[in-house]
Each structure stands twice: as C-alpha cells, then as structure tokens.
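# Working through the structure, step by step
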Amino acid sequence: MGVSWAAMLFFMALPSSLLFTYTPTNLPSISFNTSEPFIQTVNQVYKMELDLYKTDGSIMFSTYEDLQTTDGQNISTLTTIPSCYLTSFKQLNETHVAIAAFTIHCIQLLNRKDGSRKTLAGICFSRGSTDGPLGVGKLKYPRSIEMDLRNPDRLLITDRYNHALRFVDLITGELGTVISSGFKYPRGLSWVGSELLVANSHYLSRVTWHVNGSVSNVLFTGSTVSGFVEDSFAKSRFNYPYELETFRSNISLVADGSNRRLRWLDFSTQLVGVVCFNGGNPCTTSSQLPGADRSLLKVGNDLYVGMYQNICKLIDFAVDPFVDKPPILCSNPTSCLPSTQPSIEILVSAGFASGVFIAILPTAIICYFYWKKKGETRPGYVHNAVCDDDGLYRDGYSLPAEQSNRKMDENAYDYVEKAL
C-alpha cells in the first residue's frame, strides 16, 4: 500500500535536496549466497554462544525461560527458570554459566555438573538500583551480560531500566555501577578493542575508560529517533538494535531488530550498511528477516541469526566488499520492508533548520495526525497488510501464543512487549 495523499503533499512540499539528505545510499554489502534453517525453537532466541562444554560445534542459546544447547538436530535443555525471559548468558568456563533472568531482576549462576543454580548478582524478585554485596545490591531488568576484558574477575551487565552499565565482581560478589549516563534502555554489548559498544533503543553508544580513571559514554552511531538509513555513522538510523557481533577486526555486525535487517559497521570508513543474503522460508529472501533478529553468532564464515522460533544460518559467504572486488549491492526487499522515506521527526527537524517548515505547516499538521491515527503504522513506515495478517508484533512476537504463556507482574508485560 502506498502513502496517503496527505503524506504525498508533505513530501512534495519539501525541497528535493532535503529529501535526498535522508535517503539511504547505495553502499556495498557483506554478502551470503544462502540462508537456511538451522533449528526450530519453541520461543524467541535471545543469545547464542558456541557450547564450551562440547566439541561437536553445538550452540548454546537462551529463550523465554530455557537455556538450551543444540547440534542442529536435537535440542537439550540445561535449565529452566519459569517465565523469566532469559535474555542473555555468558559461559564463565566449561561448567559454569551466568544467566540474565530479566523479569526477576537477577543474574543466576548455573553449574552444569549437577544442574544447580544460585544467585550471582541482584536480589531475585526485588528490583532496584542499589550497589553493594550479594543480598544488598539490586538490578532492574538486567538485559545483557559480557566479560570485562579489562578485569577478568568482573562481569558487565546492561541494567535496562536503570539505564546503566553495572558490574559484578565474581570473587567478592560486589555489585557496582560503571556509568549511568548516555544510555536509553541498553541491550547488547560488544568489545571493540578497549572500548565497549552498547545497543540502546535506536542508537549505539561507546563506553571508554580513560587513563585518569574516568569513564565516558557517548552516542556512537544512530539517533534517539528510529529509522532505516545506510550512511555515515552520523547519519545512519536503526530501529531497536539488539545484539552486536565482531565480523572483522574493523567490522562489527548489528541485529537491527525492528528493521528485521542485519547491519554492518565499518570503523575505518565510519559507514553503516546492510548484510545481503538469500534463502527460502522461514529464513526469507532479499536480505530481510521474517521476524525481529535478536541475536548473532559468527562461526568461521557462517553467521547464525536468532529470531522468534528459529535459528537461521547464513552460509556460502560470497563477497566481502572490504577485501574482494567488485562489491555486491543488496536487492530491494518488498514484504514488510520499512520505507526509505525519512521519519516524520527527521523531516520536521530538517524543515525548521532549512526555513521551509513554516510555509508547509498546515500540511505537516494534517500528515502528523493522519499517521498518529494509524494504530499499527508508525511515522516513516508504509502500512503493509502482510505484516498485520501474520499476527506479528513489531518486535517479532506472535501475540496470542506469547500472551498465553506470560505470568508476570502488572508492569512487566508492558516492559517486555515494548522494550525487551
């Protein structure tokens, strides 16, 4: 379906140079010739790692309430924490796994030898922001965890609803705060050299430890406004990025969840592009995924993508445009694709800056209220009946199936649906 007559008037009223400024550029892309199903799961896949306990290439992954491992044929459940949303984990060694139990506000430690669990950080079922030893320190919806490369005895935690980066000392059990500024509902985190990239609602931020002992966190790429733009770090836009994965020494990949795309970051050129791939259902075609991609795992030249009820595998690595020539450009996806039109927020800001907004103010107001009236359609997106008919929420959930399984406190459902 096309945009409304009001939208067309709004875009026609703007100078072509203004519209061009926010249109994705034709950048080269990392390309895979094939995407195929690796394993079907029961729920959303939030995190994946190679299973250190096994030697057959098995993958450990976390879902709604299970930590599981699979060889691509069979799935074994390592532990279950009912209705907790196990949004992340980290293998500390071959036998012990730290698990983020999102909706009960704590980090659990699993012993794979005997299946026992104990609390590693936070107070389960009690949320807060307090620093302190085990039994005192509190978390509020811990989303992702990663080892602190600067201190191997510490585990870093994105404390989602405290908008903070926290740490737990694995020796003393002390829970502390690294920094609590510059975040907006932080999710995944990944080391790039000695700095830490953190996925926030619509942008990536960079945490830096300075020689004087201070810590900073600044916007790295993206914006506080959602969108889909391939361009420089300053101009690129994301829509709920979730996880990051290292692809090359100077290239990282991002699971751009609500855009249902895989994005690459080139630190040498400071550009953002799209990972291209082809394949059949349920792994889709034309480089777009059928649901929100929440997790990534690179193994050799293969890339595993965790989604709702599926782990897809991208294989037959074709061209790395940063090494091989010529580069390959992505084809233009169709079904459920976010529009290349700029969001209304970007256009309004640009209109003020260029001085043309006053002249088109009546049309802009009509457009704005038209889009606000469309319940499922957000500004900057073309309404697509295929997405609605699939019963998919914007983050990739099939609502009826997921709702029937949720038994959380009155606030948690809203938190999980809008910002997991």
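Each chain has its residues counted from 1, running along the sequence as written. For this predicted model, a pLDDT threshold of at least 70 governs which residues receive local features, and a threshold of 80 or more governs which side-chain atom pairs are given and counted, while totals over whole chains, interfaces and linings are taken from all residues. Note that the side-chain values use all heavy atoms of the structure and ignore hydrogens as well as water.

## Brief notes about the sheet that holds strand E17 (residues 215–222)
The following threshold applies: Think of it this way: DSSP has to see at least two bridges between two strands before they count as a pair. Each helix is a run of DSSP H or I of at least 4 residues and each strand a run of E of at least 2, with the numbering of both proceeding from the N terminus. As a rule, the C-alpha atoms of each element are fitted with a line to give its axis, helices using only the stretch in contact, and angles between N-to-C directions run from 0 to 180 degrees.
What the four strands build is an open sheet, ordered E14-E15-E16-E17; its pairing is antiparallel. Unpaired on one side and paired on the other, strand E14 (189–192) and E17 mark the two borders of the sheet. Direction aside, neighbouring strands of the sheet carry axes that sit 25° apart on average. One ladder, built from seven bridges, connects strand E16 (residues 203–209) with E17; its direction is antiparallel. Each residue of the ladder has a partner; that of leucine 204, found in E17, is threonine 221.

## A short note on the state of the cysteines
To keep it simple, the criterion reads: Note on terminology: pairs of cysteine sulfur atoms within 2.5 Å are recorded as disulfides. Under the scheme applied here, a residue whose accessible area is under 20% of the maximum for its type counts as buried, over 50% as exposed, and between as partly exposed, the area being computed with a 1.4 Å probe on protein chains only.
Within this structure, the stated rule accounts for one disulfide. In this model, cysteine 106 is linked to cysteine 124 through a disulfide, with the two sulfur atoms separated by 2.1 Å. Looking down the S-S bond of the cysteine 106 and cysteine 124 bridge, the torsion is 90°, so its handedness is right-handed. Taken together, the residues cysteine 106 in strand E8 (residues 106–111) and cysteine 124 in the loop between strand E9 (117–122) and strand E10 (142–147) connect sequence positions 18 residues apart. Cysteine 84 carries a free sulfur, and the closest cysteine sulfur to it, the one in cysteine 106, is 7.1 Å from it. Take cysteine 84: its relative accessible area is 2%, and that puts it in the buried class.

## Some remarks on the pattern of salt bridges
Definition in use: A side-chain nitrogen of Lys or Arg and a carboxyl oxygen of Asp or Glu constitute a salt bridge if their distance falls within 4 Å.
A complete count under the given rule lists eleven salt bridges for this structure. One salt bridge connects lysine 90 with glutamate 49, and the closest N-O pair in it is separated by 3.3 Å. Linking lysine 90 in strand E6 (residues 86–91) with glutamate 49 in strand E2 (residues 47–50), this pair joins segments that are 41 residues apart in sequence. Glutamate 49 carries the same exposure label as lysine 90, and that label is buried. Note that aspartate 302 and lysine 313 form a salt bridge whose closest N and O atoms lie 4.0 Å from each other.

## Here we look at the sheet that holds strand E7 (residues 96–101)
Within a sheet, neighbouring strands are paired by backbone hydrogen bonds and run either parallel or antiparallel to one another. Reading across the sheet, the four strands line up as E6-E7-E8-E9 and stay open at both edges, with antiparallel pairing between neighbours. Each of the sheet's edge strands pairs with one partner strand only, and the pair in question is E6 and E9. Taken pair by pair, the neighbouring strands of this sheet meet at an average axis angle of 25°, ignoring direction. Both E6 and E7 contribute to a ladder of five bridges, which runs antiparallel. Residue serine 88 lies in a different strand from E7, and its bridge partner there is alanine 100.

## Some remarks on the pairing of strand E5 (residues 75–80)
In terms of strand pairing, strand E4 (residues 66–70) meets E5 through five bridges, oriented antiparallel. Residue pairing in the sheet places leucine 67 in a bridge with threonine 79 of E5.

## Observations regarding unusual backbone geometry
One non-glycine residue, tyrosine 185, lies in the positive phi region at around 50°. Of note, tyrosine 185 is situated in the loop between strand E13 (175–179) and E14. Among the residues examined, tyrosine 185 registers a relative accessible area of 26% and is labelled partly exposed. The phi dihedral of aspartate 316 falls on the positive side, at around 55°, and the residue is not glycine. Position of aspartate 316 relative to the elements: it lies in strand E23 (residues 302–319).

## Focus: the nonpolar core
Selection rule: Here, the term nonpolar core denotes a set of buried Ala, Val, Leu, Ile, Met, Phe, Trp, Tyr and Cys residues that are joined through side-chain atoms within 4.5 Å.
Ranked by internal contacts, the top residues of the largest apolar core, which has 18 residues, are Ile30, Phe32, Leu253, Leu262, Val275, Val305 and Leu314. Of all the secondary structure elements, the ones that give two or more residues to this core are strand E19 (251–256), strand E20 (261–266) and E23. Ranked by residues supplied to this core, first place goes to E23 with six residues. Within the second largest apolar cluster, 13 residues are counted, among which are Ile107, Leu109, Ile145 and Val168.

## Section: the packing of aromatic side chains
This is how it is decided: Two rings from Phe, Tyr or Trp (for Trp, the six-membered ring) form a pair when their centres are within 6.5 Å of each other. A pair whose planes differ by under 30 degrees is stacked, one over 60 is edge-to-face, and the rest are tilted. Charge-over-ring contacts are defined here by two conditions on Lys NZ or Arg CZ: a distance within 6 Å of the ring centre and an angle within 35 degrees of the ring normal.
In total, this model carries twelve aromatic pairs according to the counting rule given. Ring centres 4.7 Å apart and planes at 75° place the aromatic pair tyrosine 64 and tyrosine 85 in the edge-to-face group. Residue tyrosine 64 is found in the loop between strand E3 (59–62) and E4, and its partner tyrosine 85 is found in the loop between E5 and E6; the two are separated by 21 residues along the sequence. Each member of the pair, tyrosine 64 as well as tyrosine 85, carries the same accessibility label: buried. In this structure an aromatic cluster arises from ring pairing among Phe102, Tyr141, Tyr161 and Tyr185. Across from the ring centre of phenylalanine 167, 4.1 Å away, lies the NZ or CZ of arginine 154, which sits over that ring.

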